[in-house]
Amino acid sequence: MFIYITYDTDGFITAYQNTEADGYTKVFILDSWITQFSQHSDKFRYDTDKKVVLNPGNLPDVSLDELNTKYSDVLETSKQAIQSATALAQQQTVSETSINQLQKSITELALSQSAKGTA
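Quick caveat: nothing in here was measured; it's all calculated off a predicted structure.

Conventions and cut-offs
Residues numbered from 1 in each chain as written. Predicted model: local features only at pLDDT ≥ 70, side-chain atom pairs only at ≥ 80, totals over all residues. Heavy atoms only, no water. Helix = DSSP H or I, 4+ residues; strand = E, 2+ residues; numbered from the N terminus. Rg over C-alpha atoms; globule rule 2.2 N^0.38 Å. Buried < 20%, exposed > 50% of the residue type's maximum accessible area, 1.4 Å probe, protein only. Contact = heavy atoms within 4.5 Å. Areas by Shrake-Rupley, 256 points an atom, 1.4 Å probe, with all protein chains shown as cover. Lys, Arg positive; Asp, Glu negative; His and termini not counted. Charge placed at Lys NZ, Arg CZ, Asp CG, Glu CD. Polar contact = N/O pair within 3.5 Å; in protein donor to acceptor, adjacent residues only side chain to side chain. Pairing = 2+ DSSP bridges. Axes fitted to C-alpha atoms, helices over the stretch in contact; angles between N-to-C directions.

**Q** Explain the overall build of the protein chain to me, please; I cannot follow it from the model alone.
**A** Helix and strand counts for the protein chain come out as two helices and five strands. Listing the helices and strands of the protein chain from first to last along the sequence gives β-β-β-α-β-β-α. Its C-alpha atoms give the protein chain a radius of gyration of 33 Å, more than 25% over the compact-globule value 14 Å for 119 residues. Principal-axis analysis of the C-alpha atoms gives the protein chain an extent of 105 × 30 × 25 Å. A buried classification covers 14% of the 119 residues belonging to the protein chain. In the protein chain, the share of contacts with a sequence separation of at least 24, taken over all contacts with a separation of at least 6, comes to 35%. Total accessible area on the protein chain is roughly 9200 Å²; 54% of this is exposed by carbon and sulfur atoms. Taking the 9 positively charged and 15 negatively charged side chains of the protein chain as two groups, their mean positions are separated by 7 Å.

As structure tokens, this is what we get:
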């Protein structure tokens, strides 16, 4: 498959597109590299002497479906964490209200006992 790339001084690909444009170099990418290239294009290099794209050969083997699944899992975990934090905050509010009511009752009891002792 032919694509058009730009690259930095070290030959690392900085951008790519499917249509010809000024400043882009036409190169051939093996069909078997397409998925890796689309996910990690900045890891590929262009050899200016041989006029070929070089595959680094050590890229992680992760599909877009796997990435979507992992993203969904992280999103679900985040939602659960937010729900737990919200429930905890609500419980703390209830606890604080209960403690305030208890303190008020103890204060009233102490004042009534004090009043009985002085009467």
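**Q** How do you make sense of the environment of serine 41 when you look at a structure like this?
**A** For serine 41, the location among the structural elements is in the loop between helix H1 (34-40) and strand S4 (45-47). Separated by 28 residues in the primary sequence, serine 41 and isoleucine 13 have C-alpha atoms spaced 6.3 Å apart. Residues in contact with serine 41, not counting those within four places in the same chain, are Ile13, Tyr16 and Gln36.

**Q** Please explain the side chain of threonine 6 as it appears in this structure.
**A** Its place among the elements puts threonine 6 in strand S1 (residues 2-7). A distance of 2.7 Å separates the side chain of threonine 6 from the side chain of threonine 14, its partner in a polar contact. Apart from the residues within four sequence positions on either side, threonine 6 is in contact with Phe12, Ile13, Thr14, Ala15, Gly23 and Tyr24.

**Q** How do you make sense of the environment of serine 105 when you look at a structure like this?
**A** Within the fold, serine 105 resides in helix H2 (residues 64-118). Its relative accessible area of 43% is what places serine 105 among the partly exposed residues. For the pair serine 105 and threonine 69, spaced 36 residues apart in sequence, the C-alpha to C-alpha distance is 54 Å.

**Q** Where do I start with the sheet that holds strand S2 (residues 13-17) in this structure?
**A** Sheet strands line up and pair through hydrogen bonds in the backbone, either parallel or antiparallel. The strand order S2-S1-S3 describes an open sheet built from three strands, whose pairing is antiparallel. The open sheet has two edge strands, S2 and strand S3 (25-28), and neither has a second partner. Across the sheet, the mean angle separating the axes of adjacent strands is 45° when strand polarity is ignored. Pairing of S1 with S3, which is carried by four bridges, proceeds in the antiparallel orientation. The residue of S3 that forms the bridge with isoleucine 3 is valine 27.

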